[in-house]
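So the chains spell out like this:
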Amino acid sequence: MGSQYIFLGGEFVRKEDAVVSVYDHGFLYGDGVFEGIRVYDGNVFRLDAHLKRLYESAHSIMLAIPYTAEEMTQIIVETVRKNELSSAYIRVVVSRGMGNLGLDPASCSMPRVIVIAEPLSLFPKELYERGLKVGSVATRRNRPDVLSPQIKSLNYLNNILVKLEANQAGVDEALMLNDQGYVTEGSADNILIIKNGVIFTPPVYLGALEGITRNAIIELAKQNGYEVKEQPFTRHDVYIADEVFLTGTAVEVIAVIDVDRRKIGDGKPGPVTNHLLEEFRKLVTVDGVQCYPEAKQKAVV
Ligand code: PMP
């Protein structure tokens, strides 16, 4: 591949030239929203759901995205094509744009839209075979009435602080609790646990992002005959679960085999987790927007 092209300010620019102003309020204040999206074999997985979440996040912070969802779809597809990617990770950023040094968004005249598509660096296969070690951290999840975790904003310090704690504790991922001590999510992924064949995940109002992978897994689980319950649970419920796994665009579905030094199940990725990962991988190349429909047609002939 030659140069990497990034969509910035209404045009494609080379990566070296993709720079934004130090007066951009996304940089100065984390004022903006974003999405992380994945492309599988040219298929942008659940792009409509990602765009819905992006527009809802923007609506909540009164940020007017200067493109319609249809135009954003075109821009994203074009970014993948321009970079000749088949498997990719896409980052969409909409910042408040350039303003003065005051925090008031009123000084920002034009939101800035950025789309980056990069070749995917896959998580090591061993991690899926081994499973992750997770630790609960002291820092609580943002309270929804302070900064809703459902807004996928550029202000990710809450998540970064817990990631630092996880790193210092020598675990792979953090487990965040809300101010009442109920389990919410990881630093960048949702949590699901399995007990006696039933799948539990926290309701998002407790303080979690409504993950698109989470939702896909809930649907797949129900289609495959599992009972799924969205209800509050504590660390104790996690410790005594038969299986625990995390979901997210980047990690897809990954087993957790240790939480706060309690072995989960028999300490290996469990059968339900493996089954759902298998089902998920079947879904990802067909459920979404195909960037190269002509190539697919040729392949069929
Ligand atoms: N929670 C948080 C805090 C996240 O940042 C992410 C990643 N976007 C997720 C959960 C998982 O969401 P998704 O499945 O949509 O990637």
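Identification of the protein chain as Branched-chain-amino-acid aminotransferase from Neobacillus notoginsengisoli is taken from an unreviewed UniProt entry. We quote the UniProt Cofactor (unreviewed entry) comment for the protein chain here in full: "pyridoxal 5'-phosphate".

Trainee: Explanation requested: the overall build of the protein chain in the structure shown.
Mentor: On a plain count of helices and strands, the protein chain comes out with 9 helices and 16 strands. For a compact globule of 301 residues, the expected C-alpha radius of gyration is about 19 Å, and the protein chain comes in at 20 Å, within 12% of that figure. Expressed as a percentage of its 301 residues, the buried residues of the protein chain come to 40%. At a minimum sequence separation of 6, the contacts of the protein chain that also span at least 24 residues come to 70%.

Trainee: What's the story with the nonpolar core in this structure? I'm lost.
Mentor: Counting 37 residues, the largest nonpolar core has Leu175, Ile193, Ile217, Val244, Phe245 and Val256 as the members making the most contacts within it. The contacts of Ile193, once residues within four sequence positions are left out, are Phe200, Phe233, Asp237, Val238, Ala241 and Val244. Within the second largest apolar cluster, 26 residues are counted, among which are Val39, Val44, Val80 and Val94.

Trainee: When you look at the domain arrangement of the protein chain in this model, what are you seeing that I'm missing?
Mentor: Reports often express the size of an interface as the amount of accessible area lost when the parts come together. Looking at the assigned domains, one finds that the protein chain contains domain 1 (5-119) and domain 2 (125-283). Taken residue by residue, the interface counts 18 residues in domain 1 and 9 residues in domain 2. The leading source of residues in the side of domain 1 that touches domain 2 is strand E3 (residues 32-40), at 7 residues. Here the residues of the side of domain 1 that touches domain 2 sort into 5 nonpolar, 8 polar and 5 charged.

Trainee: Looking at this model, I keep getting lost on the site of the ligand. Mind explaining?
Mentor: The environment of the ligand is formed by 14 residues, the closest being Leu209, Gly211, Ile212, Thr213 and Thr249. Among the secondary structure elements, those contributing two or more residues to the shell around the ligand are helix H6 (212-223) and strand E13 (243-248). If you tally residues by element for the shell around the ligand, the top one is H6, at 3 residues. Taken together, the residues of the shell around the ligand break down into 3 nonpolar, 8 polar and 3 charged.

Trainee: Where do I start with the sheet that holds strand E6 (residues 112-119) in this structure?
Mentor: Whether parallel or antiparallel, the strands of a sheet pair through hydrogen bonds between backbone atoms. Here 7 strands make up an open sheet; going across it, the order is E2-E1-E6-E5-E3-E4-E16 and the pairing antiparallel. A single partner strand is all that each edge strand has here, and the edge strands are strand E2 (11-14) and strand E16 (288-290). Sheet twist, expressed as the average angle between the axes of neighbouring strands with direction ignored, equals 25°.

Trainee: Would you take a moment to explain the packing of helix H2 (residues 47-60) against helix H3 (residues 69-82) for this structure?
Mentor: Two measures define how a pair of helices packs: the angle their axes make with one another and the distance between the axes. Interaxial distance between H2 and H3 falls to 11 Å at its minimum, and their mutual angle equals 125°. The orientation of H2 with respect to H3, classified from their angle, is oblique. Seen along the crossing, H2 lies across H3 with a hand that is right-handed. Of H3, the residues touching H2 (which contributes Leu47, Leu51 and Tyr55) are Ala69, Met72, Thr73 and Ile76. Classifying every residue of the contact of H2 with H3 by side-chain character gives 6 nonpolar, 1 polar and no charged.

Cut-offs used in this document
- Residues numbered from 1 in each chain as written.
- Predicted model: local features only at pLDDT ≥ 70, side-chain atom pairs only at ≥ 80, totals over all residues.
- UniProt positions renumbered as here; feature names shortened; annotations may be inferred.
- Helix = DSSP H or I, 4+ residues; strand = E, 2+ residues; numbered from the N terminus.
- Rg over C-alpha atoms; globule rule 2.2 N^0.38 Å.
- Buried ≥ 20, exposed ≤ 12 C-beta atoms within 10 Å, placed from the backbone.
- Contact = placed C-beta atoms within 7 Å.
- Core = buried A, V, L, I, M, F, W, Y, C linked by C-beta atoms within 7 Å.
- Domains from an automatic or database assignment.
- Nonpolar A, V, L, I, M, F, W, Y, C, P; charged D, E, K, R; others polar.
- Near = placed C-beta within 6 Å.
- Pairing = 2+ DSSP bridges.
- Axes fitted to C-alpha atoms, helices over the stretch in contact; angles between N-to-C directions.
- Parallel < 35°, antiparallel > 145°, perpendicular 65-115°, else oblique.
- Left-handed = near helix turned anticlockwise from the far one by under 90°.

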